[in-house]
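What follows is each chain in one-letter form.
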Amino acid sequence: MCYVVPEVPLRERDVCWEYCDKMDGNKVRCRFCYKILNGGISRLKFHLSQISSKGVNPCTKVKPDVIEKVKSVIAEKEERRESQILKRQHDTELSVRPRRIRDLPSQPPSPMRAASPAITSASDHTQFLALEVSAPVQKLSSSTNKGRSAPASEAERCIAEFFFENKLDYSVADSVSYRHMLEALGGQGFRGPSAEVLKTKWLHKLKSEILQKTKEIEKDWATTGCTILADSWTDNKSKALINFSVSSPLGTFFLKTVDASPHIKSHQLYELFDDVIREVGPDNVVQIITDRNINYGSVDKLIMQNYNTIFWSPCASSCVNSMLDDFSKIDWVNRCICQAQTITRFIYNNKWVLDLTRKCMAGQELVCSGITKCVSDFLTLQSLLRHRPKLKQMFHSSDYASSSYANRSLSNSCVETLDDDEFWRAVEEIAAVSEPLLRVMRDVSGGKAAIGYIYESMTKVMDSIRTYYIMDEGKCKSFLDIVEQKWQVELHSPLHSAAAFLNPSIQYNPEVKFFTSIKEEFYHVLDKVLTVPDQRQGITVELHAFRKAQGMFGSNIAKEARNNTSPGMWWEQYGDSAPSLQHAAVRIVSQVCSTLTFQRDWSIILRNHSEKRNKLDKEALADQAYVHYNFTLQADSKTKKGDGDPIALDAIDMTSLWVEDSDSPNLAQWLDRFPSALDGDLNTRQFGGSIFGTNDTLFGL
């Protein structure tokens, strides 16, 4: 017997039919807003995706996940249609397209051609047009590029990601030279996405993919919590912008940029932060970190008052940078920096001297660029100290002595400075005192969950200063006053105390004795984090088990992991015997303590928030910024896993006082890559090994 399988109608195969009801004729009814649409499933898709097209009003009650799903359906359909069009165009091109010059077979010149300039001219003109105005060409595929494994869609994606990551103008994709470059790389017939395809299909597609990834990250927030980062920019007049990002152990992603100028003028900054908290989810947010560029007034108190479980913390990188800035303002420190800048400016403003210096230093650079001006100053002083022998050897070499530069007054000044032992003693002293703070900057920057270490790190900074200046009370006090004042008044947060208390590498260190104030702040934080009464019932027993390393806390594996595992992961793995304390600990020690996760280009943000742009233009630019920043974060997270220095930039500021001989430098351009990490400790007595005795209190501030 033969059974005939009925053909499934096309509409039944379309996933969007689950969001509507079929009506009479070609009408459908939306199951979200119950609006009846003419035109069937196609118009419904634009209705649900909220894409303005064909005069379809967007649905006001559709769920966000449905919007993204329908948008992806539309994008896939457009991609298939575009592929079919390109295939038909290619088939047509193969039959009618004139061959390019390089495709023409070599022919001996005939007398007729040689004797007829008119024919020669016309022929050459035809071949020129064939080079410049070609028919639409085929994408990269296995048929056109044997040996290349990347399909056309993958190659197109790479090109799109390249455009968005580097903030390239879409018009580049339509330039002749760009098309020629792609053909040289991908083979004859390969052309990447056009400007229109980049700003429609790929912008939407990449944004949707990023949103999908963030949704996966958000699932982990219920366990680890997250931190809202508010990184601001202001022109000190009327403009103020805030970049909002969200950080958790699974990664940091850019959320949005808000023009805070109207909120500042109307004293409504609270509403701005309240909207962001609600968008992220109040139950997920552990803390908000802000930098020092904007005066937030009493917003922090209002937030913590209305959201009892949320803390407001300062940016550790910003505060540490402020300490370094005050270091550089001390008279003898500033004088030493100015002397050192005289040397580097002379070298970098004379090409022959710069080439000779690079040759003597085996290609290494003298000037280092950091994430801030102050970091650049101290990194470059360390670089000078490292290269001291080579610098002196270069200036005293026969090659330099016989050059025309040797007799210049600036050259003589450089030689005098390089031969000045007092100058080098000052450089050694500054490098030794600043290095502990630079280490803190490295620890807290780049999106690291360093909140469990900031208290210990700042204590070590102060103990290092005391140790180094054990015989000079005056200098010791000048540096300690700066660090202690900013640590206590600006930087310290109750979360820092709680995280230190819960950090197993500190809690089980026999050299550490916690002060009562630290315990009080820990219990204050615990009281805010454990909001459910059931969680508090057994907390005393759980705390005792943790302090005494009982149960799973005392297992050999847990003991071995105390110093080589992140506190958050340690609590997740070995805290099961104390579930309430584990819940609080994971949320506390998993947070970052700095807004400095990556270098932001504020020019793209300023362009987006120009008052001269219309609404649609601003929305498109905001999407570009969203994709660009999240690509940058993803690239930075991969880079940070290597040996890169998180406080050193990939390029040098050629307009800084270390390079440009100018009275008013513009710190904006970064041109060349220079190494900046210090090869080793400047003074092993200060920084090598443990500097604490058995009777020392680690947190004795």
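The structure this text deals with has already been given above.
This section reports on the structure supplied with the text. Just so we're clear, the structure is a prediction, and the values are computed from it rather than from any experiment.

Cut-off values and rules
- Residues numbered from 1 in each chain as written.
- Predicted model: local features only at pLDDT ≥ 70, side-chain atom pairs only at ≥ 80, totals over all residues.
- Heavy atoms only, no water.
- Helix = DSSP H or I, 4+ residues; strand = E, 2+ residues; numbered from the N terminus.
- Buried < 20%, exposed > 50% of the residue type's maximum accessible area, 1.4 Å probe, protein only.
- Contact = heavy atoms within 4.5 Å.
- Areas by Shrake-Rupley, 256 points an atom, 1.4 Å probe, with all protein chains shown as cover.
- Pairing = 2+ DSSP bridges.
- Axes fitted to C-alpha atoms, helices over the stretch in contact; angles between N-to-C directions.
- Arc of directions from axis to C-beta.
- Polar contact = N/O pair within 3.5 Å; in protein donor to acceptor, adjacent residues only side chain to side chain.
- Phe/Tyr/Trp six-rings, centres within 6.5 Å; stacked < 30°, edge-to-face > 60°.
- Lys NZ or Arg CZ within 6 Å of the ring centre and 35° of its normal.
- Right-handed = clockwise from strand over helix to strand, strands pointing away.
- Parallel < 35°, antiparallel > 145°, perpendicular 65-115°, else oblique.
- Nonpolar A, V, L, I, M, F, W, Y, C, P; charged D, E, K, R; others polar.
- Salt bridge = Lys/Arg side-chain N within 4 Å of Asp/Glu carboxyl O.

### Some thoughts on the overall build of the protein
- The helix and strand inventory of the protein stands at 33 helices and 8 strands.
- Burial analysis of the protein (701 residues in total) assigns 47% to the buried set.
- Once local pairs closer than 6 in sequence are excluded, the contacts in the protein between residues at least 24 apart make up 67%.
- Within the structure as shown, the protein displays about 35800 Å² of accessible surface, and the carbon and sulfur contribution to it stands at 51%.

### Notes on the sheet that holds strand E3 (residues 36–38)
- Within the open sheet, the 3 strands sit side by side as E1-E2-E3. Their pairing is antiparallel. Both outer strands of the open sheet, strand E1 (20–22) and E3, are each paired with one neighbouring strand and no more. Each adjacent strand pair in this sheet contributes to an overall mean axis angle of 30°, direction not counted.
- In this sheet, E3 lies alongside strand E2 (residues 27–30) in antiparallel orientation, the contact comprising 3 bridges.

### Let's talk about helix H7 (residues 176–186)
- For H7, the complete set of buried residues consists of Tyr-178, Leu-182, Glu-183 and Gly-186. Looking straight down H7, one finds that the buried residues subtend no more than 140° of arc, so they occupy a single side. Of the exposed residues in H7, the ones pointing more than 90 degrees away from its buried face are Ser-177 and Ala-184.
- The N-cap of H7, judged by a side-chain oxygen 3.3 Å from the amide nitrogen of Tyr-178 a few residues on, is Ser-175.
- The first or second residue beyond H7 is Gly-187, which carries a positive phi of 100°.

### A few points about the packing of aromatic side chains
- Overall, the coordinates contain 32 aromatic pairs when judged by the stated rule.
- An angle of 90° between the planes, with centres 6.3 Å apart, marks the rings of Phe-162 and Phe-163 as edge-to-face.
- Residue classification places Phe-162 among the partly exposed residues on the basis of a relative accessible area of 43%.
- Considering the side-chain rings of Trp-352 and Tyr-405, the 5.6 Å spacing of their centres and the 5° angle between planes classify their relative orientation as stacked. Taken together, the positions of Trp-352 in helix H15 (residues 351–360) and Tyr-405 in the loop between helix H18 (398–401) and helix H19 (409–418) put the pair 53 residues apart, joining distant regions of the chain.
- Residue class for Tyr-405 comes out buried when judged on its relative accessible area of 15%.
- In this structure an aromatic cluster arises from ring pairing among Tyr-508, Phe-546, Phe-553, Trp-570, Trp-571 and Tyr-574.
- When the ring centre of Phe-311 is taken as reference, the NZ or CZ atom of Lys-528 above it lies at 4.3 Å.

### What to know about the pairing of strand E8 (residues 311–314)
- Neither face of E8 is exposed, since Phe-311 and Ser-313 on one face and Trp-312 and Pro-314 on the opposite face are all buried.
- As judged from the 4 bridges shared by strand E7 (residues 285–290) and E8, these two strands associate in the parallel manner. Of the residues in E8, the one forming a bridge with Thr-290 is Pro-314.
- In this fold, E7 hands off to helix H12 (residues 299–306), which returns the chain to E8; that crossover is right-handed.

### Some thoughts on the packing of helix H23 (residues 494–502) against helix H25 (residues 516–529)
- Contact geometry for H23 and H25: axes closest at 8 Å, N-to-C directions at 100°. In terms of axis orientation, H23 runs roughly perpendicular to H25. The segment H23 lies against H25, with Pro-494, Leu-495, Ser-497, Ala-498, Phe-501 and Leu-502 engaging Ile-518, Lys-519, Glu-521, Phe-522, His-524 and Val-525.
- Here the contact of H23 with H25 is built from residues that sort into 8 nonpolar, 2 polar and 2 charged.

### Focus: the environment of Lys-475
- One can find Lys-475 in helix H22 (residues 473–491).
- As for Lys-475 and Ile-465, which are separated by 10 residues in sequence, their C-alpha atoms are 9.3 Å apart.
- What Lys-475 contacts, discounting residues up to four positions off in sequence, is Trp-332, Glu-429 and Tyr-469.

### Brief notes about the side chain of Thr-380
- Its location among the elements puts Thr-380 in helix H16 (residues 373–386).
- Assessed through its relative accessible area of 0%, Thr-380 is described here as buried.
- For Thr-380, the side chain forms a polar contact with the main-chain oxygen of Cys-368, separated by 3.0 Å.
- What Thr-380 contacts, discounting residues up to four positions off in sequence, is Leu-366, Val-367, Cys-368 and Trp-658.

### Some words on helix H2 (residues 40–49)
- Across the 10 residues of H2, 8 count as buried, placing the element largely inside the fold.
- Residues of H2 that are buried include every one of Gly-40, Ile-41, Leu-44, Lys-45, Phe-46, His-47, Leu-48 and Ser-49, and no others.
- One or two positions beyond H2, positive phi appears at Gln-50, with a value near 65°.

### Considering the sheet that holds strand E6 (residues 251–259)
- Taken in spatial order, the 5 strands make up an open sheet running E6-E5-E4-E7-E8, and their pairing is mixed. The two strands at the open ends of the sheet, each matched to only one other strand, are E6 and E8. Direction aside, neighbouring strands of the sheet carry axes that sit 25° apart on average.
- With 5 bridges joining them, strand E4 (residues 226–234) and E7 adopt parallel strand pairing. The partner of Leu-229 across the bridge, within E7, is Ile-289.

### So, the pattern of salt bridges
- One pass over the full model with this rule turns up 29 salt bridges.
- With a shortest N-O distance of 2.6 Å, Arg-358 and Glu-365 are connected by a salt bridge.
- Note on Arg-358: relative accessible area 26%, which makes it partly exposed.
- In this structure, the salt-bridge partner of Asp-527 is Arg-536, at a minimum N-O distance of 2.6 Å.
- Asp-527 gets classed as partly exposed once you look at its relative accessible area, which sits at 41%.
- A relative accessible area of 35% places Arg-536 in the partly exposed class.
- One connected set of salt bridges, linked through shared partners, spans Glu-435, Arg-439, Arg-442 and Asp-645.

### Overview of the environment of Pro-504
- You can see Pro-504 is positioned in helix H24 (residues 504–507).
- Judged by relative accessible area, which is 1%, Pro-504 ranks as buried.
- Note: C-alpha distance between Pro-504 and Gly-452 (52 residues apart in sequence) is 9.4 Å.
- Contacts of Pro-504, omitting those with residues within four sequence positions, involve Arg-562, Pro-567, Trp-570 and Trp-571.

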